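The chain contents come next:
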Amino acid sequence: MGEVLVVTSGKGGVGKTTTTANIGTGLSLLGKKVVLIDTDIGLRNLDVVLGLENRIVYDLVDVIEGACRTKQALIKDKRFDGLYLLPAAQTRDKSAVNPEQMLNLCEELKEEYDYILIDCPAGIEQGFKNAIAGADKAIVVTTPEVSAVRDADRIIGLLEANEVRAPKLIVNRVRPDMVKRGDMMSINDIIDILAIDLVGVVPDDENIIVSTNRGEPAVADNKSLAGQAYRNITKRIMGEDIPLLDLESSQGFISKVKRIFKL
Amino acid sequence: MELNSVTLKGTPNGLVIIIREDSNFAEVLSELEEKILSAGQFFRGASMNVLYRGKFINKNQENQILSMLIEKSGAQIKSFGREPEKMDVGTDNMKTTGYKTHMNSLFFKGIEEGPCKFIRGTVRSGSLIKSDGNVVIIGDVNPGAEIKALGNIIVMGVVRGIVHAGADGNKAAVIVAMKLKPVQLRIADIITRAPDEPDIEYEEKSAEMAYVKDGYIIIDKIH
């Protein structure tokens, strides 16, 4: 019996889709059978980030409406064994699906796959309600900005109201240098307000933009710091106890040299 | 004592008190009290509008009558004021001008002892906690959350959102929190907001209390 995780944030542009793609890929690299569901109907992106856009034949709405079997719509990623994508429809909108249908779909997929990751659209309307309907657990993504934290807080409240208990937090796009200068909220500031468990911190990394544009998840790139952060998050989701990345020390050559000379 | 300085009259809309033009106020008050008391349980639990006509009385005297009515009758007084001079037949003449000015005397009186709502956990952005009594939050109140209580508000955590105590006008209501860092504080009809300067980080060991003094909201440590 698998587990359904919804990746959500409230605010747009904080990295839900990137996070879903990377955690999904990470889990498949560790030998799990994973389905990623894009519930952002009308504004689908997950397929692009995964580089699977050109292989879409059927989508989520086709499955819900019974135009195809679930298996037919699942796109198998050839690079990563055990990774499947159920893309969103692009020519419809959020009202094409209702929460009950999503719940049934999740129940069906749970039978066969270890993890079902749901990429939630921004906002708190129909799309959000659909996305969380079948979820057992939630991962809340935020960035160290007041507006993103505010929206995350709202989302956590809504998750709790919908019986999705104890969501986990990912703080994305952290810039240690700015935090150090006091120009950015620190992880502790964020946890103070949101009061939920932290599952990972992802540093701001230019490589992420390159990798999402190319459709190659950063988690598979051993040189990427953000990729390392996602690999750790993946392991924590599977229950391993891994310490947080020391972002301070892994900033570059100069700081490494400084560290060696204890400057 | 001359009888009948005051006559009570029931109408479909509520109660009308007719005060005789040449009566003196002390007499009016005592006689009214007597009449209310003699009605026994009649008014208890009822909800009504009250108007008066006849002798002109000042605001202070109006307040005295009103508080006596609230206290002795046991009824919920929805409005109180002078009856409009012209009575438009068929219209709701209970919407008197006196209503607004007397709202302040009609507030919730349970801040010493009254109903209380307990909330366990953090109150997050977007949630509105409303109570007809006092509220105790065991957790934080986050930005974007709103607490509205007719009585006191006690927060066993940090207040970062909007809290409104004594929401129907009771200025004696207080707001207590382990740390007060609200967007806005409201007590009765007084609103204050946080200063624009970035807040000074200070380690406050004891809880803080906001209360009304001379028409301003004051925040102080609990001694």
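Now for a look at the structure at hand. Here, residues in each chain are numbered from 1, in the same order as that chain's written sequence. Each chain takes a letter, starting from A, and each ligand takes a number, starting from 1, following the order in which they are written. Restriction of local features to residues with pLDDT of at least 70 applies here, the model being predicted, together with a cutoff of 80 or more for giving and counting side-chain atom pairs; totals for whole chains, interfaces and linings are based on all residues. Based on all heavy atoms of the structure, the side-chain values leave hydrogens and waters out of the count.

**Description of the state of the cysteines**
All names here are of chain A. Condition: Cysteine sulfur atoms that come within 2.5 Å of each other are treated as a disulfide pair.
Within the structure shown, the criterion is met by zero disulfides over all chains. Free cysteine C68: the closest other cysteine sulfur is in C106, separated by 16 Å. In this model C106 remains outside any disulfide bridge; the closest cysteine sulfur is found in C120, 12 Å from its own.

**Digging into the interface of chain A and chain B**
Test applied: Throughout, a contact is declared for two residues whenever any of their heavy atoms are within 4.5 Å. Buried area: the sum, over both parts, of the accessible surface (1.4 Å probe) that disappears when the two are put together. Counted as salt bridges are all cases of a side-chain nitrogen of Lys or Arg within 4 Å of a carboxyl oxygen of Asp or Glu. In the analysis that follows, any N or O atom pair within 3.5 Å is treated as a polar contact, provided that within protein one partner can donate a hydrogen and the other can accept it, and provided that, for residues neighboring in sequence, both atoms belong to side chains. Secondary structure elements follow DSSP: runs of H or I no shorter than four residues count as helices, runs of E no shorter than two count as strands, and numbering proceeds from the N terminus.
Each partner contributes residues to the interface: chain A has eleven residues there, and chain B has eight residues. Interface area for chain A against chain B, summed over the two sides, is near 790 Å², with a carbon-plus-sulfur share of 42%. Contact with chain B buries surface across chain A, with R150, D153 and I193 of chain A losing the most and accounting together for 56% of the total. At the surface where chain A touches chain B, the tally comes to two salt bridges. Applying the counting criterion to the chain A and chain B interface returns five residue pairs in polar contact (both at pLDDT 80 or more). Of all the elements in the fold, those that place two or more residues in the side of chain A that touches chain B are helix 7 (146-161) and helix 9 (187-194) of chain A.

**Observations regarding the pattern of salt bridges**
Residues and elements named next belong to chain A. Put simply, the rule reads: Only protein chains enter the calculation, and the probe is 1.4 Å; a residue is then buried if its accessible area is under 20% of its type maximum, exposed if over 50%, and partly exposed in between.
Summed over all chains, the structure comprises 18 salt bridges over all chains. With a shortest N-O distance of 3.0 Å, R92 and E65 are connected by a salt bridge. Taken together, the residues span a long stretch of sequence, with R92 in the loop between strand 4 (83-86) and helix 5 (99-110) and E65 in helix 3 (residues 60-65) at a distance of 27 residues. Assessed through its relative accessible area of 37%, R92 is described here as partly exposed. Residue classification places E65 among the partly exposed positions, given a relative accessible area of 47%. Three or more residues are tied together by salt bridges with common partners; here these are K33, K71 and E112.

**A word on the side chain of D119 of chain A**
Residue and element names in this part refer to chain A. The criterion, for reference: Positive charges come from Lys and Arg, negative ones from Asp and Glu, while His and the chain ends are left out of the count.
Mapping D119 onto the fold places it in strand 5 (residues 115-119). Although D119 is buried, it forms no salt bridge, and the closest oppositely charged side chain is K16 at an N-O distance of 6.3 Å. Not counting residues within four places of it along the chain, the set of residues in contact with D119 comprises V7, K16, T17, T20, I37, D38, T39, D40 and L46.

**Section: unusual backbone geometry**
Backbone geometry places A166 of chain A, a non-glycine residue, at a positive phi of 45°. Note that A166 of chain A resides in the loop between helix 7 and strand 7 (168-174). The exposure class assigned to A166 of chain A is exposed, which follows from its relative accessible area of 55%. A positive phi is found at A188 of chain B, a non-glycine position, where the angle reads about 55°. As for its placement among the helices and strands, A188 of chain B is situated in the loop between strand 12 (184-187) and strand 13 (190-193). We classify A188 of chain B as buried; its relative accessible area is 6%.

**What to know about the sheet that holds strand 2 (residues 14-19) of chain B**
Residue and element names in this part refer to chain B. Stated precisely, the cut-off is as follows: Pairing between strands is defined by DSSP: at least two bridges between the two strands are required. Note on definitions: angles span 0 to 180 degrees between N-to-C directions of axes, and those axes are lines fitted to C-alpha atoms, for helices only across the stretch in contact.
The four strands lie next to each other as 1-2-3-4, forming an open sheet whose pairing is mixed. The open sheet has two edge strands with one neighbour each: strand 1 (6-11) and strand 4 (76-82). Between one strand axis and the next, the sheet turns through 20° on average, direction left out of account. As paired strands, strand 3 (residues 47-54) and strand 4 are joined by six bridges and run parallel to one another. Counterpart to S47 in the pairing with strand 4 is Q76. Sheet contacts for helix 1 (residues 25-38): strand 1 and strand 2; angle to strand 1, the most-contacted strand, approximately 45°. Of the strands in this sheet, strand 2, strand 3 and strand 4 are in contact with helix 2 (residues 59-73), which crosses strand 4 at around 155°.

**Some remarks on the environment of Y115 of chain A**
All names here are of chain A. For Y115, the position within the fold is in strand 5. Since its relative accessible area comes to 9%, Y115 is described here as buried. C-alpha separation for the pair Y115 and L36, spaced 79 residues apart in sequence, amounts to 8.4 Å. Not counting chain neighbours up to four residues away, the residues in contact with Y115 comprise E3, L5, L27, K32, K33, V34, V35, I237 and M238.

**Section: a nonpolar patch on the surface**
Counted only if it meets this: Two distance rules govern patches: like charges are joined within 9 Å, and nonpolar side chains (Val, Leu, Ile, Met, Phe, Trp, Tyr) within 5 Å, applied only to residues with over 30% relative accessible area and no salt bridge. Computed by Shrake-Rupley with a 1.4 Å probe, the accessible areas treat only the displayed protein chains as cover when residues are assessed.
On the surface, F118, I138, M156 and M178 of chain B cluster together to form a nonpolar patch covering roughly 400 Å² of accessible area. Looking at the element boundaries, M156 of chain B is found in strand 9 (residues 153-159).

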